[in-house]
Amino acid sequence: MSHDFRKRLRERQTLLGTIVSSTDPASAEVLAECGFDWLFIDAEHGPYETTDLLPVLRAVDHRIPCIVRVPASEEIPIKKTLDIGATGIIAPQTNTVEQVESVVRYCRYSPNGNRGVGLSRASTYGLGLTEYVGSANDEVAVIVQAEHIEAVENIEQIVKVEGVDAIFIGPYDLSASMGKMGEVTAPDVVDAIEHVTKVCDAAKMPLGIFGVSAESVKPYIERGYSLIVSGVDVLMMAHAAKGMLSTLRSSNDRKGTE
Ligand code: 3PY
Ligand code: MG
């Protein structure tokens, strides 16, 4: 579905999103009602096949941009995800210029790439093929992840790859690649993020980052990051449930002592 997401991203607007990992469309539907600018549908770590993505997109993509993190930065998952109508993709574990260049090629129609041309939901099953192939290169967002120390080392070259719309930092994988599993605030992990930030800022390349809470991503909003991803559907449910239970249990305990 057509959205101005790519344009807003390239203008480096702040775009607030959250991760949808549940394949039940209810999860995306309820989050689409909450006022986010976009949804990050996680087919890398969520249990999604293409057939699970389809009902989620059908439920919400007319009202909110849906960017799908593909299970692998390979041609087939990228092609299928774009053909069912995703507004864009996030490609995980793109550590080298060659990997990033191939992601761009899979996402862009000729002459900018070699995305396969097929009749699919994105082109209204062929009824809108001419319009879709005419606009997709301008509208599909191509986001690659810097989430390994190798990507950090290659970032100066990666930002120069034509057709990349944003770099999305994965602090958890990055920390793991640096021998600091989960220590996303360890000084050398923070330094690596800072290096990516400086290179992207100098190249005017939009940046994104994930954090489990609002607090963890707030500094990045202030730093001018565009793609802000805070929280994961199932984890937010767990936190809300635990918070509610602890409120109920503490009022019950108080009653017991009165
Ligand atoms: C990471 O932290 O590795 C991520 O990919 C966040 O989405
Ligand atoms: Mg990751």
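Preceding this paragraph is the structure being described.
Residues numbered from 1 in each chain as written. Chains lettered and ligands numbered in written order. Predicted model: local features only at pLDDT ≥ 70, side-chain atom pairs only at ≥ 80, totals over all residues. Heavy atoms only, no water.

Chemist: Please clarify how the site of ligand 1 should be interpreted in this entry.
Modeler: The full set of residues close to ligand 1 is Arg 69, Gln 145, Glu 147, Gly 170, Pro 171, Tyr 172, Asp 173 and Phe 210. Here an oxygen atom of ligand 1 and a side-chain polar atom of Arg 69 are 2.7 Å apart. The backbone of Asp 173 places a nitrogen or oxygen atom 2.9 Å from an oxygen atom of ligand 1. Element by element, the count of residues in the shell around ligand 1 is highest for helix α9 (residues 171-177), at three residues. Tallied by class, residues from the shell around ligand 1 come to three nonpolar, two polar and three charged. (Near = heavy atom within 4 Å. Polar contact = N/O pair within 3.5 Å; in protein donor to acceptor, adjacent residues only side chain to side chain. Helix = DSSP H or I, 4+ residues; strand = E, 2+ residues; numbered from the N terminus. Nonpolar A, V, L, I, M, F, W, Y, C, P; charged D, E, K, R; others polar.)

Chemist: Whenever I open this one, the pattern of salt bridges confuses me. Can you help?
Modeler: Close approach of charged atoms lets side chains of opposite charge pair. Scanning the model with the defined rule gives 17 salt bridges in all. Between Arg 63 and Glu 33 there is a salt bridge whose closest N-O contact spans 2.1 Å. One end of the pair, Arg 63, is in the loop between α3 (50-60) and β3 (66-69); the other, Glu 33, is in the loop between α2 (25-32) and β2 (38-42), with 30 residues separating them in the sequence. Its relative accessible area of 59% is what places Glu 33 among the exposed residues. Between Asp 165 and Arg 108 there is a salt bridge, with the nearest N and O atoms lying 2.9 Å from each other. Taken together, the residues Asp 165 in the loop between α8 (155-158) and β6 (166-169) and Arg 108 in the loop between α5 (97-107) and α6 (129-139) connect sequence positions 57 residues apart. For Asp 165, a relative accessible area of 1% puts it in the buried group. Overall, Arg 108 belongs to the buried group, its relative accessible area being 2%. (Salt bridge = Lys/Arg side-chain N within 4 Å of Asp/Glu carboxyl O. Buried < 20%, exposed > 50% of the residue type's maximum accessible area, 1.4 Å probe, protein only.)

Chemist: I tried to follow the coordination of the magnesium ion (ligand 2) on my own but got confused; where do I start?
Modeler: For the magnesium ion (ligand 2), the full set of protein donor atoms is Glu 147 (OE) and Asp 173 (OD), at a range of 2.0 to 2.1 Å. With Glu 147 in the loop between β5 (141-146) and α7 (149-153) and Asp 173 in helix α9, this pair connects stretches of sequence that are 26 residues apart. (Donors = N, O, S within 2.8 Å, 3.2 Å for Na, K, Ca; no water.)

Chemist: Help me understand the packing of α2 against α3 in this model?
Modeler: Each pair of packed helices can be described by the angle between their axes along with the distance between the axes. Here α2 crosses α3 at 25 degrees, and the two axes come no closer than 9 Å. On the basis of the axis angle, α2 is roughly parallel to α3. Between α2 and α3 lies a crossing of right-handed hand. Contact residues: α2 offers Pro 25, Ala 28, Glu 29 and Ala 32, while α3 offers Pro 55, Val 56, Ala 59 and Val 60. (Axes fitted to C-alpha atoms, helices over the stretch in contact; angles between N-to-C directions. Parallel < 35°, antiparallel > 145°, perpendicular 65-115°, else oblique. Left-handed = near helix turned anticlockwise from the far one by under 90°. Contact = heavy atoms within 4.5 Å.)

Chemist: Just to check I follow, could you spell out the pairing of β2 for this structure?
Modeler: The side chains of a regular strand alternate, first on one face of the sheet and then on the other. Judged by how many residues are buried, β2 sits mostly within the fold: five of five residues are covered. By the alternation rule, side chains of β2 split into Trp 38, Phe 40 and Asp 42 and Leu 39 and Ile 41, which are all buried. As paired strands, strand β1 (residues 15-20) and β2 are joined by four bridges and run parallel to one another. Bridge pairing links Val 20 to Ile 41 in β2. In this fold, the crossover linking β1 to β2 by way of α2 has right-handed handedness. (Pairing = 2+ DSSP bridges. Right-handed = clockwise from strand over helix to strand, strands pointing away.)

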